[in-house]
Amino acid sequence: MSRTPGAGIESSPVKSAERTVRILETLAESPERLTLAQLQELTGYPRSSLHALVRTLRELKWIEADASGSAFGVGPHALLSGTAYLDRDPALGYAYEALEDLRAEIGFTVHYARLDDDQVLYMASREVRDEVHRISRVGRRLPAHLTALGQALLAELTADEVDRLLPERLEAHTPRTITERSELHAELDRVRSRGWALEREQGTEGIACVAVAVDYRIPATDAISCSMPIGSADGETVERVTGAVVEHGRALATALRRAGVR
């Protein structure tokens, strides 16, 4: 059988690159350091190639090990890459100012996030110091279907686009998470009708969240939100917070459009 010269050379580096990224993402998503056995179980990669990639990443400081050398987490050079992305994002400077103003007005924790495939990626947060629940941090990703941020952005898409984007199985984080696709579509219709999203304990127990899409792009890719303890989310408070989130979201979108940010 004839073979094109160099045909096997290109595929191997691509596979190694894909595995390297997957290893870093797996470590970043884990709240604890992972052993090689745990990494192998989560990624499905052969132990020999996994060991070689982890060793290389450790030497380059993208991965670091615990004192025993047997469990691994992301290293300092992963932080350098992440902060470089944030530093270069043209929308974030405007978002920071909007979050500061919104937090000052409503007195609750506020977030700015971006749709990343079927997840929402938290780009910025401004937290209230005395808040008991710390529900997010910059760089964290959550499934879009169970967050107000994600629902606000999914509502910018058609039903067919939502179905193509989301996985077949909608995972649950709490007993209140929407996992039935028909129920999710009904909720997204309500979001489209009123112009903002509200979820109660779908992503985190004890937390309610209001969000609105920041429509400086079409369809919108970014959203702004407010999280509050469920005990504080009475009708009057939700109405006050929703008004503020909608107002600041619109103002932010206007500022971004005027600045030519796309």
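Just so you know, these numbers come straight off a predicted model, no measurement behind them. Each chain carries its own residue numbering, running from 1 in the written order of its sequence. Local features in a predicted model are, by the rule used here, given only for residues with pLDDT of at least 70; side-chain atom pairs are given and counted only at 80 or more, and totals for whole chains, interfaces and linings are based on all residues. The basis for every side-chain value is the complete set of non-hydrogen atoms in the structure, without hydrogens or water.

Go over the nonpolar core, please, and point to the residues and values.
Nine residue types can take part in a nonpolar core, namely buried Ala, Val, Leu, Ile, Met, Phe, Trp, Tyr and Cys, and a core is a set of them joined through side-chain atoms within 4.5 Å. Remark: exposure states derive from per-residue accessible area (1.4 Å probe, protein chains only) relative to the maximum for the residue type, with buried under 20%, exposed over 50%, and partly exposed in between. One finds Tyr112 and Ile224 to be the most contacted residues of the largest nonpolar core, which totals 32 residues. Each helix corresponds to a stretch of at least 4 residues labelled H or I by DSSP, and each strand to a stretch of at least 2 residues labelled E; elements are numbered beginning at the N terminus. For this core, the elements supplying multiple residues, two or more each, are helix H5 (92-106), strand E4 (109-116), strand E5 (119-126), strand E8 (207-214), strand E9 (222-229) and helix H9 (235-258). Val120, Ala144, Ala211 and Ala213 belong to the second largest nonpolar core, which has 26 residues in total.

I'd love a proper account of unusual backbone geometry, names of residues and values included.
The omega angle of the peptide bond from Ile218 to Pro219 is -10 degrees, so this bond is cis rather than trans. On the secondary structure map, Pro219 appears in the loop between E8 and E9. Its identity as a non-glycine residue notwithstanding, Lys61 has a phi of 70 degrees, on the positive side. Secondary-structure assignment places Lys61 in the loop between helix H3 (47-59) and strand E2 (63-65). Lys61 sits in the partly exposed class, given a relative accessible area of 48%. With a phi close to 60 degrees, Asp117 is a non-glycine residue in the positive phi region. Tracing the backbone shows Asp117 in the loop between E4 and E5. A relative accessible area of 56% means that Asp117 is categorised as exposed.

Lay out helix H8 (residues 181-194) in plain terms, naming residues and giving numbers.
Given the number of residues in a helix, its expected span is that number minus one, multiplied by 1.5 Å. Here H8 contains 14 residues, and its C-alpha end-to-end distance of 20 Å stays within 8% of the 20 Å for a straight helix at 1.5 Å per residue. Taken residue by residue, H8 has Leu184, His185, Glu187, Leu188 and Val191 as its buried positions. Viewed end-on, H8 has its buried residues packed into an arc of 160 degrees, placing them on one side of the element. Exposed and facing more than 90 degrees away from the buried side of H8 are Ser182 and Ser193. It only takes one pair of heavy atoms within 4.5 Å for two residues to be counted as in contact. Next to the buried residues of H8 lie helix H6 (148-154), helix H7 (159-165) and strand E7 (197-200). Taken from the residues just after H8, Gly195 is the one with a positive phi, measuring 90 degrees. In this description, one arc is meant: the one made by directions from the helix axis to the C-beta atoms.

Quick one: what's the story with the packing of aromatic side chains, residue by residue and with numbers?
Each aromatic pair joins two rings of Phe, Tyr and Trp (for Trp, the six-membered one) with centres within 6.5 Å, and gets the label stacked for planes under 30 degrees apart, edge-to-face for over 60, and tilted for any other angle. Under the counting rule described, the total for this entry stands at zero aromatic pairs. Charges are assigned to positions over rings by a cutoff of 6 Å between ring centre and Lys NZ or Arg CZ, combined with an angular limit of 35 degrees from the ring normal. The aromatic ring of Trp196 is capped on one face by Arg194, whose charged end is 4.4 Å from the ring centroid.

Please set out the environment of Asp222 residue by residue, giving values where relevant.
Among the secondary structure elements, Asp222 is positioned in strand E9. Distance from Asp222 to Gly73, taken between C-alpha atoms, is 29 Å for residues 149 residues apart in sequence. In contact with Asp222, other than residues within four places in its own chain, are Ala91, Tyr112, Ala113, Arg114, Leu153, Ala213, Val214, Tyr216 and Arg217. Residues adjacent in sequence count toward polar contacts only when both atoms are side-chain atoms; beyond that, a polar contact is any pair of N or O atoms within 3.5 Å, and within protein one must be able to donate a hydrogen and the other to accept it. Polar side-chain contacts of Asp222 include one of 2.7 Å to the side chain of Arg114.

A description of the environment of Ala144 should follow, citing residues and the corresponding values.
Tracing the backbone through its elements, the reader meets Ala144 in the loop between strand E6 (141-143) and H6. Residue Ala144 is classed as buried on the basis of its relative accessible area, which comes to 0%. For the pair Ala144 and Glu127, spaced 17 residues apart in the sequence, the C-alpha separation amounts to 21 Å. Among all residues touching Ala144, those that are not within four sequence positions of it are Leu115, Asp118, Gln119, Val120, Gly150, Gln151 and Leu154.

Describe in detail the confidence of the model for the protein, supporting the description with residues and values.
Per-residue confidence for the protein averages 91 on the pLDDT scale, and 92% of its residues sit at or above 70. Within a predicted model, pLDDT stands for the predictor's per-residue confidence, ranging from 0 to 100. In this model residues 1-11 is a low-confidence stretch, pLDDT under 50, and it forms one contact with partners more than four residues away in sequence or in other chains.

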